[in-house]
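Descriptive analysis of the structure
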Amino acid sequence: MDKEQLKNPAAVYRQAPFWSWNDHLDADELKRQINDMVEKGWGGYFMHSRVGLVTGYMSKEWMDMTNACAEEASKTGTTAWLYDEDRWPSGTAGGEVSKHEEYRGRSLVFLKKNEITKDDSVLQNVVTVDGDRYICKRILPMGHPRFNGTNYVDLMNPKAVREFIDCTHERYKKNCGKYFGKEIPGIFTDEPCYLYCNNYKGTPVVPWSDYLPDFFKKLKGYDITNHIKELFLDCGDYHKTRFDFYDAATRLFVESFTKQYYDWCSENKMKMTGHFMKEDDLVGQTMWIGAAMPQYEFMHWPGIDKLHRHIEQVITVKQLTSVADQLDKEKAMCEVYGCIGQQSNFYDRKWISDWEAILGINFINPHLSLYSMRGERKRDYPANLFYQQPWWDDERKFADYLGRVNYVVSNGKRKTDILIIHPISSVWSEYTPLDGEAAMPLKKGIYNKNFDSLSRKLLSENLDFHYGDEILMEKYGRVENGKLVIGNCSYSTVVVPSVFTLRKNTYKLLCDFAAEAGAGKLIILKPFAESLDGEKAEIKWPDGTQKAEKVNDVVSILDTIYENRIKIINKATGQKTSKIFVHERLSDDGEWMMIANTDNKREFELNISLQSSKKPVILDLMSGEFYSIPITINEGRAEFDIKLYPAGSVMLFFPNSEMRVEKAPRVLDSGVEIAAGYEKVELIRNLDVSLLEPNVFPINDVTLYLNDELVAKDKPLNAIWHNYFYPAPDGTPFRAEYKFEVNNIPKGEIFAAIEVAENLDSITLNGIPIKPCKMPGELGKFDTKKSWKDINFTKVPFAADQLVNGTNIIAIEGRKVNNINIPNNHLPVSDFQNHKPTEVETIYIVGDFSVVNEDNINFSIDGAKFDIDSTDLTKTGCPFYAGKAAFSTAFDYKKQQGNIYLKLNDVHTASVRLYINSQEVGLKYWTPYVFDITDYLHEGKNDIRVVASTTLFNLMGPNRMSGILDSVSVGPSSFLMAAMFTEKYSFVSFGLDSVTIYKA
């Protein structure tokens, strides 16, 4: 343990976001953004081509920008990671590889005669009860907009993969190689797959490669081309054929793509990281990649993605962290936070990150930090986690917190004693694309269902485990000293979940294990295996094997075997709670234990008992300090009480040698209460509120003319973008009119924020020309005198007396120039150095005024003075506000014994900073909002000031979609769903109810 690392974690433990390179890049602006990340506690960045990129991908300018960032990494002690593709999935080199027909993706498709295309060659005619069908080999046609007009590639073809490496990795090596292994530590591969299923839109399809038949025959000893109908139809020995087929396809994919890629990185002192397509469930893996776990052997820092605002992807995470532990990988990486929505904040990120840390993730790759939010870019799977957010100034403390978590979860070795055999081969044996993509019949779906249910149940019972992948077990599995060993890890108990088949090698290992481990250490769950390698077999389990009818029966057996494990009791019920998860690690200097409340709605008062004769200390993950807590030792068990607030977590450390530490404070900012019992002194309501930034009114409806022809009148912008504006040919003249109502004309500075306003021909307010602060064609840089929120949101100031009471109109005119073609996609810009884009997007009116909200549908600007209700600013003049606000009050204090605490009640903010008598007390992000203010008080009147931040959601939405706040996933389509559109806006509350003063 390095205490300095706990105080200030090194870059390798800190977040490294997907940094969206999505516009015309400027070296000075890139450096500014890097330094902003450094200031906020981030350790690196993945330089990632995303939707909207203008600078030519892999051009000389692209390489110049990459080198500029590597140079800045050297100066700032950060890491500048490469990303291997123009968007994703990886493998095409922006379409260069797939221009060669021999490298384009192959598949087998199952068609009616009238469905056969020029890209299909018939391999076999099959007679079915529904008529003749044809199994064809399809070569993907050109023309896919996702791949710059080409299509996906065959990653089971080693020559195609080599071409990809030559077009990408070797070019980076030539231009940026001097930074390899240092400032540029590695490269990210994103969602490669052996079959890009999105190409097929319901057509029954299985993966194929011209290299597969020979590879298959060498591996399996027979010709797969004589059995291809068994991949679709339940005929012949189809279970064995399918097992053999997906086993061969998986191995060929690993050998051709993953290992070749890994070897190149190893030879060039680079780390391969990233993740594969569709890791989340067994059917998805079968369709897209075969199996996820075998890929991780050949990744230096293997990874996954975990998107959306939930914590449901247990299998995804456990697959990764099992292999990372077994094969002693330095890091288990996760691309995380994508699609959680702009309303998400530090609390949501903590909830998800703590859950991931409990499961073993120790390198966080936040998705997404946008270089620019111009146009379609702002809709790129929000939230945007970067400088445009109102809460961004408060990122540092949270970044330090995550760095400490990652340091601990990287330290030592995880304690696991239970192995679950991974059942992917059973799905292979049963899978047919004729069942459809969405679901499999019950007889097959049971493998997914029981596997997931068993995994979740064991976690909820604090029975930690790893998965055993059968391909990896062939290479790294053995029985030793009564344990089943996989690489770096050994297991005393093995569970075989519901399966149809096992590998012969696995079956032998299990029998050998049962013979050495003794009765009861091998548990099998119904339905039991009935075949080996997909072939019907009589399977005799060793005497003493425990057979379970249901998942709960497995848990009951394990409960007996591990009866001395940690016990966590909800004091309110006297029962265990399924929401508290535990991660235990052994290190050279002691044992670590992280305990997390995975419920983001409920708090729990807990009694915790664990087998130990030593008293642990507690690590405050928000400060890096160690403290003592009240603990009793009773019959060899340490017991203590704590309260975990929603998404709260605590880190215990059992040192090998005595540590002298101070008594813990009553509350830790990671969401833990050590000691209860406060006496209320005073409750203060009716706080004074002041905005710390100008108010804002977005105009989200427009009247649009193209070529002087009216095409849309007073339409919401989401009906404009992809129906009219983006499809118009570049150079098309347009005029867009934005209406807004004013009740009382405001005073003071006022401006419109208009995206790339400098590239427009004309901007008028009520017919009077107004001019942007930037010069025409000026490259986007963040300058608060010229820009608002984002580098490309240009300020267009005007005099308040140009407004009129009643209806006002801002009109913009220009020529449509834009490289967006379809939602979340763009076309390359050939003459990118002279590209001067225009947008028809929301116009923001910014100034000192209130926004009158009639019914969450109709809004108007009012320049008269107004009072703000501190409990929710959105209801009193600030529905769209995206900034910070100050909440102020005071109280009289008479010096007395004991500590004085301040608690904020009913808080609806992203973050809060407390000041007492102008001195900063602290920063908090989530419950409990309790501050020890004793040292900041003086006799008499004491001033209280709380500075709170909100998010971009109320300003940028999508907040005109029915049910959007209940959605756990937000993406580009969320802004466009006409069926979900509603005139009524949804808002996230912003405010706090009251302040309570306590003594204790």
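Some thoughts on the overall build of the protein
Scanning the protein from N- to C-terminus turns up 19 helices and 59 strands. Along the first, second and third principal axes, the C-alpha set of the protein runs to 90 × 80 × 55 Å. Residues counted as buried form 63% of the 1000 residues belonging to the protein. Accessible surface, the protein: about 36100 Å² in total, of which carbon and sulfur atoms supply 46%.

A short note on the packing of helix α4 (residues 158–167) against helix α5 (residues 169–176)
Closest axis-to-axis distance for the α4/α5 pair is 3 Å, and the angle between their directions is 20 degrees. Viewed along their axes, α4 and α5 adopt a mutual orientation that is roughly parallel. On α5, the residues touching R162, F164, I165, D166 and C167 of α4 are H169, E170 and R171. Its residues placed into classes, the contact of α4 with α5 shows three nonpolar, one polar and four charged.

Let's talk about the side chain of N199
Here N199 is to be found in the loop between β7 (186–190) and β8 (205–208). Sequence-distant contacts of N199, that is, excluding residues within four places in its chain, are made with L140, H144, N151 and Y152.

Some details on the sheet that holds strand β9 (residues 271–275)
Strand pairs in the sheet, formed through backbone hydrogen bonds, run parallel or antiparallel to each other. Ordered by their spatial adjacency, six strands build an open sheet running β9-β7-β3-β2-β1-β13, and the pairing between neighbours is parallel. A single partner strand is all that each edge strand has here, and the edge strands are β9 and β13 (369–370). Pairing geometry for strand β2 (residues 44–49) and strand β3 (residues 79–83), over three bridges, is parallel. Counterpart to Y45 in the pairing with β3 is A80. Those strands touched by helix α2 (residues 27–39) are β1 (18–21) and β2, and its axis lies near 160 degrees from that of β1.

Topic: the pairing of strand β53 (residues 884–893)
Most of β53 is tucked away, with seven of its ten residues classed as buried. Of the pairings in the sheet, the one linking strand β40 (residues 688–691) to β53 comprises four bridges and is antiparallel in character. Across the sheet, the residue bridging to S690 is A886, located in β53.

Quick notes on the pairing of strand β15 (residues 418–421)
Residues I418 and I420 point to one face of β15 and L419 and I421 to the other, with burial holding for every one of them. Across three bridges, β15 lies against strand β16 (residues 466–468) in parallel orientation. If you follow I421 over to β16, its bridge partner there is G468.

Observations concerning the nonpolar core
W19, W21, W62, F245, F257 and L558 are the most contacted members of the largest nonpolar core, which totals 180 residues. Among the elements that take part in this core, helix α7 (residues 238–267) stands out by supplying 13 residues, more than any other.

Remarks on the pattern of salt bridges
A full pass over the atoms with the stated rule returns 70 salt bridges. Close ionic contact of K999 with E679 constitutes a salt bridge, the shortest N to O distance being 3.9 Å. Of the two residues, K999 sits in strand β59 (residues 991–999) while E679 sits in strand β39 (residues 679–684), which places them 320 residues apart along the sequence. The partly exposed category is assigned to K999, whose relative accessible area is 26%. A salt bridge links R735 to E813; the nearest nitrogen and oxygen atoms lie 2.4 Å apart. Within this pair, whereas R735 is found in strand β44 (residues 733–744), its partner E813 is found in strand β49 (residues 806–815), the two being separated by 78 residues in sequence. Judged by its relative accessible area of 30%, E813 falls in the partly exposed class. Each member of the salt-bridge network shares a partner with another, and the members are K220, K240, D244, D247, R251, E474 and R503.

A closer look at helix α6 (residues 212–220)
The complete set of buried residues in α6 reads L212, P213, F215 and F216. Axial view of α6: buried residues confined to an arc of 165 degrees, hence all on one face. Projecting away from the buried face of α6 at angles above 90 degrees are the exposed residues D214 and K218. Contacts from the buried residues of α6 go to β8 and α7. At the exit of α6 stands G221, carrying a positive phi of roughly 90 degrees.

Some words on the sheet that holds strand β57 (residues 930–932)
An order of β39-β59-β54-β57 is seen for the four strands of this open sheet, with the pairing classed as antiparallel. A strand with exactly one partner marks an edge of an open sheet, and here the two such strands are β39 and β57. If you compare each strand with its neighbour and ignore which way they point, the axes differ by 25 degrees on average. The sheet contact formed by strand β54 (residues 900–908) and β59 spans eight bridges and is antiparallel. Its bridge partner lying in β59, H908 is registered against G991.

So, α7
Its 30 residues place the ends of α7 42 Å apart at the C-alpha level, agreeing with the 44 Å of an ideal helix rising 1.5 Å per residue. In the structure, α7 departs most strongly from a straight axis at V254, where the bend amounts to approximately 35 degrees. Among the residues trailing α7, K269 stands out with phi positive, at a value near 60 degrees.

Description of the packing of aromatic side chains
Scanning all chains against the criterion turns up 69 aromatic pairs. Judged by centre distance (5.4 Å) and plane angle (85 degrees), the rings of F725 and F734 are edge-to-face. According to the relative accessible area criterion, F725 is buried, its value standing at 0%. You can call F734 buried: its relative accessible area is 4%.

Examining the environment of E693
Among the secondary structure elements, E693 is positioned in the loop between β40 and β41 (695–699). Relative accessible area serves as the criterion here: at 27%, E693 is assigned to the partly exposed category. As a C-alpha pair, E693 and K884 span 191 residues in sequence and 6.6 Å in three-dimensional space. Discounting chain neighbours no more than four positions away, the residues touching E693 are K789, Y881, A882, G883 and K884. Polar side-chain contacts of E693 include one of 3.4 Å to the backbone nitrogen of K884.

Focus: unusual backbone geometry
The omega torsion across K526 and P527 is -5 degrees, close enough to zero to call that bond cis. Despite not being glycine, N148 shows a phi value in the positive range, around 55 degrees. Its identity is not glycine, yet D708 carries a phi of approximately 65 degrees, on the positive side.

Description of a negative patch on the surface
A contiguous patch of negative charge on the surface is contributed by E741, E854, D855 and E983. Following the sequence through the fold, D855 ends up in the loop between β51 (850–853) and β52 (859–862). For D855, a relative accessible area of 35% corresponds to the partly exposed category.

As for the environment of P213
Structurally, P213 is set in helix α6. Note on P213: relative accessible area 18%, which makes it buried. When the C-alpha atoms of P213 and K884 are compared, they prove to be 63 Å apart, with 671 residues separating the residues in sequence. With residues up to four places along the chain from it excluded, the contact list for P213 reads W208, I224 and T225.

Definitions and cut-offs
- Residues numbered from 1 in each chain as written.
- Predicted model: local features only at pLDDT ≥ 70, side-chain atom pairs only at ≥ 80, totals over all residues.
- Heavy atoms only, no water.
- Helix = DSSP H or I, 4+ residues; strand = E, 2+ residues; numbered from the N terminus.
- Buried < 20%, exposed > 50% of the residue type's maximum accessible area, 1.4 Å probe, protein only.
- Areas by Shrake-Rupley, 256 points an atom, 1.4 Å probe, with all protein chains shown as cover.
- Axes fitted to C-alpha atoms, helices over the stretch in contact; angles between N-to-C directions.
- Parallel < 35°, antiparallel > 145°, perpendicular 65-115°, else oblique.
- Contact = heavy atoms within 4.5 Å.
- Nonpolar A, V, L, I, M, F, W, Y, C, P; charged D, E, K, R; others polar.
- Pairing = 2+ DSSP bridges.
- Core = buried A, V, L, I, M, F, W, Y, C linked by side-chain atoms within 4.5 Å.
- Salt bridge = Lys/Arg side-chain N within 4 Å of Asp/Glu carboxyl O.
- Arc of directions from axis to C-beta.
- Expected span 1.5 Å × (residues − 1).
- Bend = angle between axes of the 7 residues up to and from the residue.
- Phe/Tyr/Trp six-rings, centres within 6.5 Å; stacked < 30°, edge-to-face > 60°.
- Polar contact = N/O pair within 3.5 Å; in protein donor to acceptor, adjacent residues only side chain to side chain.
- Patch = residues over 30% accessible without salt bridge, like charges linked within 9 Å, V, L, I, M, F, W, Y side chains within 5 Å.
- Lys, Arg positive; Asp, Glu negative; His and termini not counted.
- Charge placed at Lys NZ, Arg CZ, Asp CG, Glu CD.

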